[in-house]
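Residues per chain are reported as follows:
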Amino acid sequence: MNQHTKVDIRHSTCPHDCPSACALDIEVIDGRSIGRVRGSKQQTYTAGVVCAKVARYAERIHHPDRLLHPMRRTGPKGSGQFARISWDEALDEIAARFDQAEREFGAEAVWPYYYAGTMGLVMRDGINRLAHVKKYSRFYSTICANIARVGFAIGTGKIAGVDPREMGVSDLVVIWGTNPVNTQVNVMTHASRARKERGAKIAAIDVYNNDTMKQADIKILLRPGTDGAFACGVMHVLFREGYADRAYMDRYTDCPDELEAHLVTRTPEWASKISGVPVEEIEAFARLVGQTKRTFFRLGYGFTRSRNGATQMHAALCIPAVTGAWQYEGGGAFFNNASIWQFNESIIEGHDAIDPTTRWLDQSKIGRILTGDADALKGRGSVKAMLIQNTNPVTVAPEQALVRRGFAREDLFVAVHEQFMTETTVMADIVLPATMFMEHDDLYYGGGHQHISVGAKLIDPPGECRSNHEVLQGLGRRLNAVHPGFEMTPRELIDATLKKSGHGDIETLEADLWRDIQPDFRTSHYLDGFAHPDKKFHFKADWANPPSGKSGLGPWEQMPSLPDHWTVIEEADEAHPFRLATSPSRSFLNTSFNETPSSIAREGSPTVMIHPEDAASLGIVHGDAVTLGNTRGETTLTARLFDGLRRGVLVAESIHPNKAHIGGRGINMLTGAEAVAPVGGAAFHDNKVWVKKATSASGRKS
């Protein structure tokens, strides 16, 4: 009774799929549980601020519904009927089913499938080592970043930009196509600092009046998929009114005269008709950018999740090259720092075992792959067995009607390694309980900043939870998958990876806590030239030869080389008069955190924002159940009347579980899986739909 609780403050990095990768100070209680989680003030990007959902991480890691034991399905697929089994039984059965699939149909019949449930390199990417060693079908990651990355790199030559902390010394911060209040709160930390200390302005450009736009000084509200038109209208004004820095462009860019001639017809009037942004707003924004040398463009993922997304990123990125903002501290652009890490993951992923003749299957096309689409299968055989880690495709993948049909196949064996009973886990044949990030060691980087770090194991996992690496080791032994990576501990893998990457050893990095590897000012601002061979920023994009990604996907031959509005989006039509974007919410992160009570309480049930005038024309009032549909499927959710978007635009925030929707069909019933040019990706915010009042289960109109 007289013993005192011992609370230690330990350090880690948030592993979730967010560019902030926040540095964390974590209360560890008696070495067994965690308490409060805070953003660390010792790391200059996190700067002591962390999002509310991670601050409440104890609610997630100690959740009573966590999976604790391996289980085998005992009822029909999707019934949720499982019986507890031992780890040996579970791993033996998975290995036996994988071996059977390989014997009967070839090694490519097995497809290990994963994504970014953790961004730690060991626990996220180790599954590739199993695929490479066993010659299973390889995994082409397309569901998130490809479109944005190629759009940025096509201009600069690599995926890196100005130190994001320089937002704090900017005079104008342009937050474009991202909602950091919901998705990467530290952007707002540095932008707000500039406003407080320098009187800087914050401009937000997005498709609805979201939480970030509500905090902005300048608000640009446009239609989905029209950012390229808006950017061209802005650049037209910059050239027309003398704000273009011709000396900078002559030295640092490829074809400024050709760009200027091209933009003559891309007037604000032209841009306004496409984007819905009034002419006077386009011109006022252009003049502000032209007059403000220290303008920082913080570009996001959201406005690239469109069939013309790569061209939209490139068009926006061209603006600071026209004004010469890259020359100044607090000026230029940033999207992601992927090119600065230089991590050599050859041991983690087993690069030495790659057989380039093994097919590469597109993550986003899982529905087509599992339902036998010959093109998606690369003209080869069906997938017969899967191991799924770090993702929930039965909720998050496009073309959900196909995904659900594919997972229901009786001849498909699925093992899912998870933390909770997700909708993918429900479809599994074998369920394996997984650790969370404080329960294993891993190596992290910050996509939205410049720090690398080791996240050490802080507490033991509950029940029989095992890490991704432990599962791969167990399967590797049973499948005779021989590779040094299977024999190493996570710490040994981290140490070897750091040494191969020129980052020293694990002990040194742990002593640093969070190591700042931001390149110097001249490099970050490309003052010695951009990363293309000619050292120029490219206004003219060579989409056939992008610096990043697997090229030649989608209608890449049709892509405009100069900034433009590429008319390849799903335009509204008579049958589908609305354009739908599925934007991220504040309290869920994809489908992570949608099991925690506080996040569920804040987000409530699935809703769709609709302009009051559009709602009135359809006889819809606030709170009505409405059905959205297109050729891919239908979903039913609750109408939320909202005038903070353009007419004809709908916004549904977050990926709620399918079962949370009326009728059990989620928002991704409406999204397509066509490859976005030029390197693939899914156009989650580019859907044409119809809307009608739903009929309730009782038969009455809702």
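Okay, so let's go over this structure.

Rules used throughout
- Residues numbered from 1 in each chain as written.
- Predicted model: local features only at pLDDT ≥ 70, side-chain atom pairs only at ≥ 80, totals over all residues.
- Heavy atoms only, no water.
- Helix = DSSP H or I, 4+ residues; strand = E, 2+ residues; numbered from the N terminus.
- Rg over C-alpha atoms; globule rule 2.2 N^0.38 Å.
- Buried < 20%, exposed > 50% of the residue type's maximum accessible area, 1.4 Å probe, protein only.
- Contact = heavy atoms within 4.5 Å.
- Pairing = 2+ DSSP bridges.
- Disulfide = S-S within 2.5 Å.
- Salt bridge = Lys/Arg side-chain N within 4 Å of Asp/Glu carboxyl O.
- 1 Å grid on protein atoms, 1.4 Å probe; cavity = no way out; pocket = protein on both sides within 12 Å on 5 of 7 lines; lining within 4 Å.
- Points joined across faces, edges and corners; volume = space filled by probe spheres on them.
- Nonpolar A, V, L, I, M, F, W, Y, C, P; charged D, E, K, R; others polar.
- Axes fitted to C-alpha atoms, helices over the stretch in contact; angles between N-to-C directions.
- Core = buried A, V, L, I, M, F, W, Y, C linked by side-chain atoms within 4.5 Å.

## Concerning the overall build of the protein chain
Per the secondary structure count, the protein chain includes 26 helices and 25 strands. Expected size for 702 residues packed as a compact globule is a radius of gyration near 27 Å; at 25 Å, the protein chain falls within 12% of this value. Expressed along its principal axes, the backbone C-alpha trace of the protein chain runs to roughly 70 × 65 × 65 Å. Buried residues in the protein chain amount to 64% of all 702 residues. In the protein chain, of all internal contacts separated by at least 6 residues, the share reaching a separation of at least 24 is 75%.

## Looking at the pairing of strand E22 (residues 625-630)
With respect to burial, E22 is a largely interior element, 6 of its 6 residues being buried. Neither face of E22 is open: one carries Ala625, Thr627 and Gly629, the other Val626, Leu628 and Asn630, and all of them are buried. Strand direction decides the pairing type here: E22 and strand E23 (residues 633-641), joined by 6 bridges, are antiparallel. Bridge pairing in E23 links valine 626 to leucine 637. Taking the residues that link successive antiparallel strands as the turn, the E22-E23 hairpin has 2 residues. Pairing between E22 and strand E25 (residues 687-693): 4 bridges, direction antiparallel. When the sheet's bridge partners are listed, leucine 628 is paired in E25 with valine 691.

## Quick notes on the state of the cysteines
Scanning all chains against the criterion turns up 0 disulfides. As a non-bridged cysteine, cysteine 144 has cysteine 18 as the owner of its nearest cysteine sulfur, 11 Å distant. Left unpaired, cysteine 255 is separated from the closest cysteine sulfur, that of cysteine 318, by 8.7 Å.

## Points about the pattern of salt bridges
Within the structure shown, the criterion is met by 51 salt bridges. Sharing partners across several salt bridges, the network here consists of Arg307, Arg368, Glu399, Glu570, Arg579, Arg632, Glu674 and Asp686.

## A look at the layout of surface pockets
Taken as a whole, the second largest pocket spans an internal volume of roughly 440 Å³. Along the walls of the second largest pocket sit 21 residues, with Met421, Asn594, Glu595, Pro657 and Lys659 positioned nearest its centre. Counted by class, the lining of the second largest pocket contains 9 nonpolar, 7 polar and 5 charged residues.

## Here we look at the sheet that holds strand E24 (residues 649-651)
Taken in spatial order, the 6 strands of this closed barrel run E20-E24-E21-E23-E22-E25, and their pairing is mixed. The mean inter-strand angle of the sheet, taken between neighbouring strand axes irrespective of direction, is 45 degrees.

## A few points about the environment of serine 170
Tracing the backbone through its elements, the reader meets serine 170 in the loop between helix H6 (146-156) and strand E8 (172-176). Looking at serine 170, the relative accessible area reads 0%, which means it is buried. Taking the C-alpha atoms as reference points, serine 170 and lysine 500, 330 residues apart in sequence, are found 37 Å from one another. In this view, serine 170 contacts Ala194, Arg198, Ala200, Arg294, Thr295, Phe296 and Gly330; residues no more than four positions away in its chain are not counted.

## Observations concerning the environment of arginine 129
Tracing the backbone shows arginine 129 in helix H5 (residues 127-134). Relative accessible area serves as the criterion here: at 0%, arginine 129 is assigned to the buried category. It is 8.9 Å that separates the C-alpha atoms of arginine 129 and serine 346, two residues lying 217 residues apart in sequence. Those residues within four positions of arginine 129 in sequence are excluded, and the remaining contacts are Ile347, Ile348, Glu349, Gly350, His469, His483, Gly485 and Phe486.

## With respect to the nonpolar core
Counting residues in hydrophobic clusters, the biggest one holds 110 residues, and the most contacted among them are Trp176, Phe230, Phe285, Leu299, Trp326 and Phe539. In this structure leucine 299 touches Phe152, Trp176, Met313, Ala316, Leu317, Phe334 and Phe335, once residues within four positions along its chain are discounted. The next biggest cluster of nonpolar side chains, apart from the first, holds 55 residues, and it includes Met71, Ala131, Ile369 and Leu370.

## Some words on the sheet that holds strand E15 (residues 413-418)
Pairing within the open sheet is mixed, and its 6 strands lie in the order E5-E4-E16-E15-E14-E6. Only two strands of the sheet have a single partner each, and these edge strands are strand E5 (82-84) and strand E6 (110-114). Pairs of neighbouring strands in the sheet enclose a mean axial angle of 20 degrees, with direction left out of account. As paired strands, E6 and strand E14 (residues 385-389) are joined by 5 bridges and run parallel to one another.

## Here's the deal with H6
An α-helical turn contains 3.6 residues, so any two residues separated by three or four positions project in the same direction. Summarising burial for H6: 10 of the 11 residues are buried, a large majority. Within H6 the residues assigned to the buried category are Asn146, Ile147, Ala148, Val150, Gly151, Phe152, Ala153, Ile154, Gly155 and Thr156. Looking at the buried positions of H6, the neighbouring elements they touch are strand E7 (138-140), strand E11 (295-299), helix H15 (309-323) and strand E12 (332-334). With its phi angle positive at about 100 degrees, glycine 157 sits one or two positions after the end of H6.

## Quick notes on unusual backbone geometry
Geometrically, the link from alanine 677 to proline 678 is a cis peptide bond, its omega value of 0 degrees lying close to zero. By the secondary structure assignment, proline 678 is in the loop between E24 and E25. One non-glycine residue, alanine 21, adopts positive backbone phi at about 40 degrees. You can see alanine 21 is positioned in the loop between strand E1 (7-13) and strand E2 (23-29). Here the phi dihedral of lysine 535 falls at roughly 65 degrees; this positive angle occurs in a residue that is not glycine. Assignment of secondary structure puts lysine 535 in the loop between helix H24 (521-524) and strand E20 (578-581). We classify lysine 535 as partly exposed; its relative accessible area is 47%.

## A short note on the pairing of strand E21 (residues 607-610)
Summarising the sheet, E21 and E23 pair through 4 bridges and their orientation is parallel. Bridging across to E23, threonine 607 finds its partner in threonine 638. Both E21 and E24 contribute to a ladder of 2 bridges, which runs antiparallel. The residue bridging methionine 609 from the neighbouring strand is valine 651, located in E24.

## Observations regarding the environment of leucine 527
Turning to its location among the elements, leucine 527 is positioned in the loop between H24 and E20. Classification of leucine 527 as buried rests on a relative accessible area of 11%. For the pair leucine 527 and leucine 637, spaced 110 residues apart in the sequence, the C-alpha separation amounts to 51 Å. Beyond its immediate stretch of four places on either side in the chain, leucine 527 contacts Arg251, Tyr252, Trp326, Gln327, Phe521 and Arg522.

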